[in-house]
Amino acid sequence: MDAKDIVKKMKLEDKISLCTGKDYWQTKDFEQYGIPSVFMCDGPNGLRKQDGGLHKENLGINDSEKATCYPAACTMSNSWNIKLENELGVRIAKEAKNQKVGMVLGPGINIKRNPLCGRNFEYFSEDPVLAGKMGAGFINGIQSEGVSCSLKHFACNSQENNRFTSSGVIDDRTLNEIYLKGFEIAVKQAKPKCVMSSYPKVNGVYSSDNKKLLNDILRDQWGFDGIVVTDWGGMNNRIAAMEAGNDLMMPGGSDYMEKELIKAVKDKKLDEKYIDRCCERIIDFVLCQAKLLEKEHDADYDSNHEFALKAAQDGAVLLKNDNHLLPIQEEEKVLIVGTMAKNIRYQGAGSSHVNATRIDQPIDYFKNYEFVPGCDEFGDTNNELLNEIETKAKEVNTIIVFAGLPNRYESEGYDRDNLYMPQGHIDMINRAHETGKNVVVVLSCGCVVDCSWQDKADAILYMGLGGQAVGQAVCNLLYGKVNPSGKLSETWPLNYEDVPNSPFYNKQVDALYKESIYVGYRYFDSARKEVRYPFGYGLSYSNFIYKDIKLDNNIIKITIENNSDYDGSEIAQLYVSQINSSIFKPIKELKDFTKVFIPSHQEREIQFEIKDDFFTTYDDGWVKCKGKYNILIGSSSRNIHKSFEIDVDGQELTNKEYIKGSWYETLTGNIDDDIWMKMLGYQYKPTTLKKGEFTLENSIMQMKDYSLVMKMMYRIIEKTIAKSYGGKVDYNNPEFRMMVMASAASPLRTTMISGQIRGGLFPGLLEMANGHYIKGIITMIKN
């Protein structure tokens, strides 16, 4: 029996119920209709399978099943290796089948719009082409094993603060060229079986209800035919969501808006066909996944650990190597500084957190060393710890400092305050430099950090968050057993103030995308801003020479020679630049890339095909722009080896009159709000917080400064969550802080979706927050 036949037999109430989860992690089963249940779990860098019980939390407190913790997306993306990403997907899928998981929630391909986003470690890049192709590689790998993928978070989920309540205020061109393009690539190249709608609104409409996003673009334009699931607690209006095509509300355990849906159908305000379509898609999905999991499946966790090692090595980026200090000899005695050498940061905090099968620490793979802690686990230090560096340095020629961001600095649920590492880590680097010895810094962090200390280091190796095998990977790279081949998937600015959206990112309730298409290198290169490390940059122990670069019709052929004694891999990048464009555009945009392994003193030929969509711009639809273009071949966005000028036929576009001479053309001065709103096509009114006007869309976090009742609720949340941490309210613990944010920063309506608090409690408290105390008490009593 197919899905349509099953739906015809179902009662309206059962159909509506099917569109809600059974618990935190499972779809709902209906034995009478032959509909099984399917388990899903987080998994962009490894499985996080937890019990599916209704009242189990879903963000990391409860232990999950053991699984391989692979490098996070911040490291995988620096590999620029689609084949590697594909293999990662295959291996995670095999573990999923072994643990009876039918769908993996990932990958996340949101754009790294600003380096302070607390979840950047879970995303691929500031560039949609790189993000989309890496995401497609992961999805194709997962789904080749029959397991489903949930591509997330669709869309405009590029900050953690206010993510539940903010609106992404964005013009259509920016939305399509930057923030949807990666999703389009992944959907068309990999056909994920699921897409996850995001928490925020987009131009005032919640993603869960957004017909333009979920139906008009995702299904009609891109041909997506899978299911759409909400992010956990991300449902807004179920009637609007049904019409938009948001099939499944997660987590389960509540009857949120079920009565309203039934009434809407009976009152003919909602056509039942929308519910039927959602049910048919869900049934098709669960029947397929349940059949896959009927039998037992094996997974080779030892082999997966070895792959995690390979992936960590492939994504490491050598940022600096003065006088070819690296690699070092294994027999050389070194001084190791920093607690991260014994307890390295290898993954991020939040829903992607994995209970690793094992963890390799760097200290265990060094051959001949002295060790001093240099600081504590939080990155704090003192003179006694620093003096120890000076004392021990007398015995060695090279000091290896392990630095970066401790757990508390970056996590799902909140954004960073600045780009700085702990002062204690900087002090360790400075003190090591003062000894006059060679200084190597090993960086472990999921995002950009300020490196104004770089002149104090002779070599810098950036590992990102390298997964459970990163300890051995570090030593293999430092000793030259493996040649670094990663390149940065995001620009590292000199200062945070150089980031174009720094004046308004996280400065108000809503996310204002005023910088338009100028994200990352698109801005820095166009504005000719000096940067710390450019997009696509990374050093190697090899020396690569680009030669015999030829354009023949639409094919570019490149010969790359490895003129060194080290086998190595190079990442060639193709950018397109329109000459004297009549509309504002970045000076260059990445269109393709490839990674090639070249043995020592050998050469390899690679090819790029020039495609029509390299020259398109979004203007109420995709338009191929007429004009002269440079096709650029480089090893980073700022290291271009060859340029070809070509003529492209198409449509001529010109800037609107109000754009001329503005920031969008000159990239100097300040962004004019009036011009930005003309680009939006509507007059944006800032979201304000005012007592007496709060609704269920507001959070306790937003209201606590205006209401004593909500301030008391916030304290209750803190103390309740603290019970899981020995009763301590500890904001140095990223899991604790994230859990507080997940509860206190969520709209009040999400507590009803979770099913944990029902009745009139929160509607009553809302009345009190608005100053209506008697009405609030009556509301709680009546409900």
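The structure contained in this document is the topic of the report that follows. (Residues numbered from 1 in each chain as written. Predicted model: local features only at pLDDT ≥ 70, side-chain atom pairs only at ≥ 80, totals over all residues. Heavy atoms only, no water.)

**Quick notes on the overall build of the protein**
We apply this condition: Secondary structure elements are defined from DSSP: runs of H or I of at least 4 residues count as helices, runs of E of at least 2 residues count as strands, and each element is numbered from the N terminus. Relative accessibility decides the category of a residue: with a 1.4 Å probe and only protein chains considered, values under 20% of the type maximum give buried, values over 50% give exposed, and everything between is partly exposed. Working rule for contacts: check all heavy atoms of both residues, and any pair within 4.5 Å makes them a contact. Accessible areas in this description were obtained via Shrake-Rupley with a 1.4 Å probe; residue shielding takes into account the shown protein chains only. Under the convention used here, Asp and Glu are negative, Lys and Arg are positive, and both His and the chain ends fall outside the count. Each charge is placed at NZ for Lys, CZ for Arg, CG for Asp and CD for Glu.
Broken down by element type, the protein carries 24 helices and 28 strands. By its C-alpha atoms, the protein is 75 × 65 × 60 Å across when sized along the principal axes. In the protein, buried positions account for 65% of the 783 residues. For the protein, long-range pairs separated by at least 24 residues make up 75% of all intrachain contacts whose partners lie at least 6 apart in sequence. Total accessible area on the protein is roughly 29,400 Å²; 44% of this is exposed by carbon and sulfur atoms. Positive and negative side-chain charges in the protein, numbering 95 and 108 respectively, have mean positions lying 4 Å apart.

**Side note on the side chain of Lys487**
With respect to the helices and strands, the residue Lys487 is situated in the loop between helix H15 (470-478) and strand S17 (492-493). Classification of Lys487 by relative accessible area gives buried; the value is 4%. Each residue touching Lys487, except ones within four places of it in the same chain, is listed here: Ser77, Asn78, Trp80, Val317, Gly536, Tyr537, Gly538, Glu570, Ile571, Gln573 and Ser635.

**Section: the sheet that holds strand S3 (residues 103-105)**
For clarity, the cut-off: Pairing between strands is defined by DSSP: at least two bridges between them are needed. In this description, a line fitted to the C-alpha atoms serves as the axis of each element, helices being fitted only across the stretch in contact, and the angle between N-to-C directions of two axes falls anywhere from 0 to 180 degrees.
Strands sit in the order S1-S3-S4-S6-S9 across an open sheet of five strands; the sheet is parallel. Two strands close off the open sheet at either side, each with one partner strand: strand S1 (40-42) and strand S9 (227-230). Put simply, the sheet's adjacent strands are angled 30° from each other on average, direction ignored. Direction of pairing for strand S4 (residues 148-154) relative to strand S6 (residues 194-197): parallel, over a ladder of three bridges. Bridge pairing in S6 places Leu151 opposite Val195.

**A short note on the packing of aromatic side chains**
Defined as follows: Classification of ring pairs rests on two measures: the distance between centres of Phe, Tyr or Trp rings, Trp counted by its six-membered ring, which must be within 6.5 Å, and the angle between planes, read as stacked under 30 degrees, edge-to-face over 60 and tilted in between. Two thresholds decide whether a charge sits over a ring: the Lys NZ or Arg CZ must be within 6 Å of the ring centre and within 35 degrees of the ring normal.
Within the structure shown, the criterion is met by 31 aromatic pairs. Measuring from centroid to centroid gives 5.9 Å for Trp492 and Tyr533, while their planes differ by 65°, and the two rings are edge-to-face. Of this pair, Trp492 sits in strand S17 while Tyr533 sits in strand S19 (residues 531-533), and the two are 41 residues apart along the sequence. Pairing Tyr725 with Phe736 gives two aromatic rings, centres 5.9 Å apart and planes at 90°, and the pair type is edge-to-face. With Tyr725 in the loop between helix H20 (708-722) and helix H21 (734-744) and Phe736 in helix H21, this residue pair connects regions lying 11 residues apart in the sequence. Residue Phe736 is classed as buried on the basis of its relative accessible area, which comes to 0%. Connected via pairs of aromatic rings, a cluster forms that spans Tyr518, Tyr523, Phe524, Phe584, Trp663 and Tyr664. Between Lys181 and the ring centre of Trp622, over which it is positioned, the NZ or CZ distance is 4.6 Å. Over the ring of Tyr206 we find Arg749; its NZ or CZ atom is 4.6 Å from the centre of that ring.

**So, the packing of helix H4 (residues 82-98) against helix H12 (residues 301-314)**
Which entries qualify depends on this criterion: With respect to orientation, any angle under 35 degrees is reported as roughly parallel, any angle over 145 as roughly antiparallel, any angle of 65 to 115 as roughly perpendicular, and every other angle as oblique. In this scheme, a crossing is called left-handed if the near helix is turned counterclockwise away from the far one by less than a right angle; it is called right-handed if the turn is clockwise. Residue type decides the class: Asp, Glu, Lys and Arg count as charged, Ala, Val, Leu, Ile, Met, Phe, Trp, Tyr, Cys and Pro as nonpolar, and the leftover types, Gly among them, as polar.
For the pair H4 and H12, interaxial distance at closest approach is 11 Å and the crossing angle is 155°. Here H4 is positioned roughly antiparallel relative to H12, judged by the angle of their axes. Between H4 and H12 the crossing geometry is left-handed. Residues Leu84, Glu87, Leu88, Arg91, Glu95 and Asn98 of H4 form the contact with H12, whose own contacting residues are Tyr301, Ser303, Asn304, Phe307, Lys310, Ala311 and Asp314. Of the residues that constitute the contact of H4 with H12, the class distribution is five nonpolar, three polar and five charged.

**Focus: the side chain of His153**
Just so we agree on the cut-off: Any pair of N or O atoms that falls within 3.5 Å is considered a polar contact. Within protein, one atom must be able to donate a hydrogen and the other to accept it, and sequence-neighbouring residues count only if both atoms are side-chain atoms.
Mapping His153 onto the fold places it in strand S4. According to the relative accessible area criterion, His153 is buried, its value standing at 1%. A polar contact is formed between the side chain of His153 and the side chain of Tyr123, at a distance of 3.2 Å. Apart from the residues within four sequence positions on either side, His153 is in contact with Asn110, Arg119, Tyr123, Phe183, Met196, Ser198 and Asp231.

**Digging into the environment of Ala93**
Relative to the elements of secondary structure, Ala93 occurs in helix H4. Separated by 441 residues in sequence, Ala93 and Pro534 have C-alpha atoms that sit 34 Å apart. In contact with Ala93, not counting residues within four places along its chain, are Ile142, Glu145 and Val147.

**Regarding the sheet that holds strand S28 (residues 639-648)**
A sheet is described by the order of its strands in space; here four strands give the open sequence S23-S22-S27-S28, paired in antiparallel fashion. One side of each edge strand has no neighbouring strand; the edge strands of this open sheet are strand S23 (589-598) and S28. Recorded for the sheet is a direction-independent mean angle of 20° between the axes of neighbouring strands. Judged from the nine bridges that link them, strand S27 (residues 627-636) and S28 form a sheet pairing that is antiparallel. Pairing of Ile633 across the sheet is with Lys642, part of S28.

**Focus on the pairing of strand S22 (residues 568-578)**
In terms of burial, S22 is largely enclosed, as 11 of its 11 residues are buried. Alternating residues of S22 divide into Gly568, Glu570, Ala572, Leu574, Val576 and Gln578 and Ser569, Ile571, Gln573, Tyr575 and Ser577, and every residue in both groups is buried. Looking at chain direction, S22 and S23 are connected through nine bridges and run antiparallel. Its bridge partner being in S23, Ala572 is matched across the sheet by Thr594.

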